Amino acid sequence: QKEVEQDPGPLSVPEGAIVSLNCTYSNSAFQYFMWYRQYSRKGPELLMYTYSSGNKEDGRFTAQVDKSSKYISLFIRDSQPSDSATYLCAMSARLDDMRFGAGTRLTVKP
Amino acid sequence: DAGITQSPRHKVTETGTPVTLRCHQTENHRYMYWYRQDPGHGLRLIHYSYGVKDTDKGEVSDGYSVSRSKTEDFLLTLESATSSQTSVYFCAISESALGGYTFGSGTRLTVV
């Protein structure tokens, strides 16, 4: 079993839909949780960063962490075609050991 | 990507040859990382550095070595390239170990 599991998709939604992306993990020591967005043939870019449990909102993006269930989510409201990308979850227990999910490919259709 | 550049962007090399990939940053960040990205595996850490001449192994370090003689440069060397090392390699930097990473644009390496 991988430490971080992420459904690879692909996920296709119409423009304006609410998108839910999820990851599960097995290491209860993870405390730092991140979401990255990666466009085709580009490097990942940091979208959201949260510490421990709870919610964090930034514009159309909301990150949720449920440590009791070992489950994290990223919600995208009013999705746009420009949101089409691969979304990677990432998490770490120690300050120097980041674990990434394999990524979910999202397409938002006009 | 602002502040971090990788070279070359693409490379094709033969099995058994040494290959060096370069990561250069202008952000003066302490931490630098090398990852490889493969379908179904996501990003896996090869080596990282927490200062000049201070490096450590990551999850998939076999067959790779690194050097960091200056804050701004982090080199990844494949000592004798194999086909299993065909991958996209990303360098990342971070100001502190608590923060998120800034990634370069990647090097697409093919070993034939």
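Refer to the structure presented above.
Residues numbered from 1 in each chain as written. Chains lettered and ligands numbered in written order. Predicted model: local features only at pLDDT ≥ 70, side-chain atom pairs only at ≥ 80, totals over all residues. Heavy atoms only, no water.

(A) Here's a closer look at unusual backbone geometry. Residues and elements named next belong to chain A. Backbone torsion omega between Gly-9 and Pro-10 reads 5 degrees, so that peptide bond is classified as cis. Within the element layout of this structure, Pro-10 appears in the loop between β1 (4-6) and β2 (11-14). One non-glycine residue, Lys-70, lies in positive phi territory at about 55 degrees. Relative to the elements of secondary structure, Lys-70 occurs in the loop between β7 (61-66) and β8 (71-76). The exposure class assigned to Lys-70 is partly exposed, which follows from its relative accessible area of 26%. (Helix = DSSP H or I, 4+ residues; strand = E, 2+ residues; numbered from the N terminus. Buried < 20%, exposed > 50% of the residue type's maximum accessible area, 1.4 Å probe, protein only.)

(B) Expanded view of the nonpolar core. Counting 24 residues, the largest nonpolar core has Trp-35, Ile-72, Leu-74, Tyr-87 and Met-91 of chain A as the members making the most contacts within it. Filtering out sequence-adjacent residues up to four positions away, Tyr-87 of chain A remains in contact with Gln-6, Leu-21, Tyr-36, Arg-37, Leu-47, Leu-74, Ile-76, Gly-103, Thr-104 and Leu-106 of chain A. One finds Leu-88 and Phe-100 of chain A together with Tyr-35 and Phe-103 of chain B within the second-largest nonpolar core, a separate group that totals 19 residues. (Core = buried A, V, L, I, M, F, W, Y, C linked by side-chain atoms within 4.5 Å. Contact = heavy atoms within 4.5 Å.)

(C) Up close: the interface of chain B and chain A. Listed by partner, the interface residues are 20 residues for chain B and 19 residues for chain A. Counting across the chain B and chain A interface gives one salt bridge. Linking chain B with chain A are three residue pairs in polar contact (both at pLDDT 80 or more), by the criterion used here. Taken together, the elements giving at least two residues each to the side of chain B that touches chain A come down to β4 (31-38) and β5 (42-51) of chain B. Here the side of chain B that touches chain A takes four residues from β5 of chain B, the largest share from any one element. Residue composition of the side of chain B that touches chain A, grouped by class: nine nonpolar, eight polar and three charged. (Salt bridge = Lys/Arg side-chain N within 4 Å of Asp/Glu carboxyl O. Polar contact = N/O pair within 3.5 Å; in protein donor to acceptor, adjacent residues only side chain to side chain. Nonpolar A, V, L, I, M, F, W, Y, C, P; charged D, E, K, R; others polar.)

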